[in-house]
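# Descriptive structure summary
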Amino acid sequence: MKLFGKNHIIISLITFVILFLMNYIGNDLPDKLERALMTAFAGVIGLSLGLFILNKGKNDKNPPQNFD
C-alpha cells in the first residue's frame, strides 16, 4: 500500500473514527474528549509508522549480503 495514498487515508480515517468513538463513549471522566482525541491521533500515527516500516523494505534492490 502506498504511504499517504488514497487507501492509506481511508484506512487512517476509519482507524481514527473507531478509536475516537471507543474512547469517547466508554469514558466517564471530565476530560474524555481530550483523551479520545489523543488516543485516536496516536493510533493513526502508529498505523502510519508501521506502514512506513513495512513499505520501506518492499522494493529493496540491495538486500544485505550473507544474512544468516
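Residues numbered from 1 in each chain as written. Predicted model: local features only at pLDDT ≥ 70, side-chain atom pairs only at ≥ 80, totals over all residues. Heavy atoms only, no water.

### Observations regarding the packing of aromatic side chains
Cut-off, in case you're wondering: When the centres of two rings from Phe, Tyr and Trp lie within 6.5 Å, Trp using its six-membered ring, the rings pair. Their planes under 30 degrees apart give stacked, over 60 give edge-to-face, and anything left gives tilted. Working definition: helices are DSSP H or I runs of at least four residues, strands are E runs of at least two. Numbering for both runs from the N terminus. Classification of residues uses two cut-offs on accessible area relative to the type maximum, computed with a 1.4 Å probe and protein chains only: under 20% is buried, over 50% is exposed, and between them is partly exposed.
With the rule as written, the count across this model stands at 3 aromatic pairs. Centroid distance Phe16 to Phe20: 6.2 Å. Interplanar angle 10°. Geometry classified as stacked. Of this pair, Phe16 and Phe20 both sit in helix α1 (residues 6–25), 4 residues apart, which is roughly one turn of that helix. Exposure remark for Phe20: the relative accessible area of 18% places this residue in the buried category.

### Points about the side chain of Asn27
For clarity, the threshold we go by: Polar contact is defined as a pair of N or O atoms within 3.5 Å, subject to the rule that within protein one atom must be able to donate a hydrogen and the other to accept it, and that residues adjacent in sequence are counted only when both atoms are side-chain atoms. Pairs of residues are marked as contacts when any of their non-hydrogen atoms sit within 4.5 Å.
Within the element layout of this structure, Asn27 appears in the loop between α1 and α2 (32–56). For Asn27, the side chain forms a polar contact with the main-chain nitrogen of Leu29, separated by 3.1 Å. In contact with Asn27, other than residues within four places in its own chain, are Lys32 and Arg35.

### Considering the UniProt feature "transmembrane region" (unreviewed entry) in the chain
Put simply, the rule is: UniProt positions are given in the numbering used here, feature names are shortened, and annotations may be inferred rather than shown by experiment.
According to UniProt, the "transmembrane region" (unreviewed entry) feature falls on residues 7–25 and 37–54. The span residues 7–25 is 100% helix and 0% strand, and its two end C-alpha atoms sit 27 Å from each other.

### Brief notes about α1
For clarity, the cut-off: Expected span of a helix: the number of residues minus one, times 1.5 Å.
Between its first and last C-alpha atoms α1 spans 29 Å; for 20 residues at 1.5 Å apiece the expected length is 28 Å, and the two agree. Buried-residue contacts for α1 involve α2.

### Considerations on the packing of α1 against α2
Condition: Working convention: axes come from line fits to C-alpha atoms, limited for helices to the stretch in contact. Angles between N-to-C directions cover 0 to 180 degrees. Comment on the angle field: the value is read as roughly parallel under 35 degrees, roughly antiparallel over 145, roughly perpendicular from 65 to 115, and oblique elsewhere. Each helix crossing is assigned a hand: it is left-handed if the near helix lies turned anticlockwise from the far helix by less than a right angle, otherwise right-handed if that turn is clockwise. The residue classification treats Ala, Val, Leu, Ile, Met, Phe, Trp, Tyr, Cys and Pro as nonpolar and Asp, Glu, Lys and Arg as charged. All others, Gly included, are polar.
At a minimum axis separation of 8 Å, α1 and α2 run at an interaxial angle of 150°. Looking at the two axes, α1 sits roughly antiparallel to α2. Where α1 crosses over α2, the two elements pack in a sense that is right-handed. Residue-level inspection shows His8, Ile11, Ser12, Thr15, Phe16, Leu19, Phe20, Asn23 and Tyr24 of α1 in contact with α2, the latter providing Lys32, Leu33, Ala36, Leu37, Thr39, Ala40, Phe41, Gly43, Val44, Leu47, Ser48 and Leu51. When its residues are assigned to classes, the contact of α1 with α2 shows 13 nonpolar, 7 polar and 1 charged.

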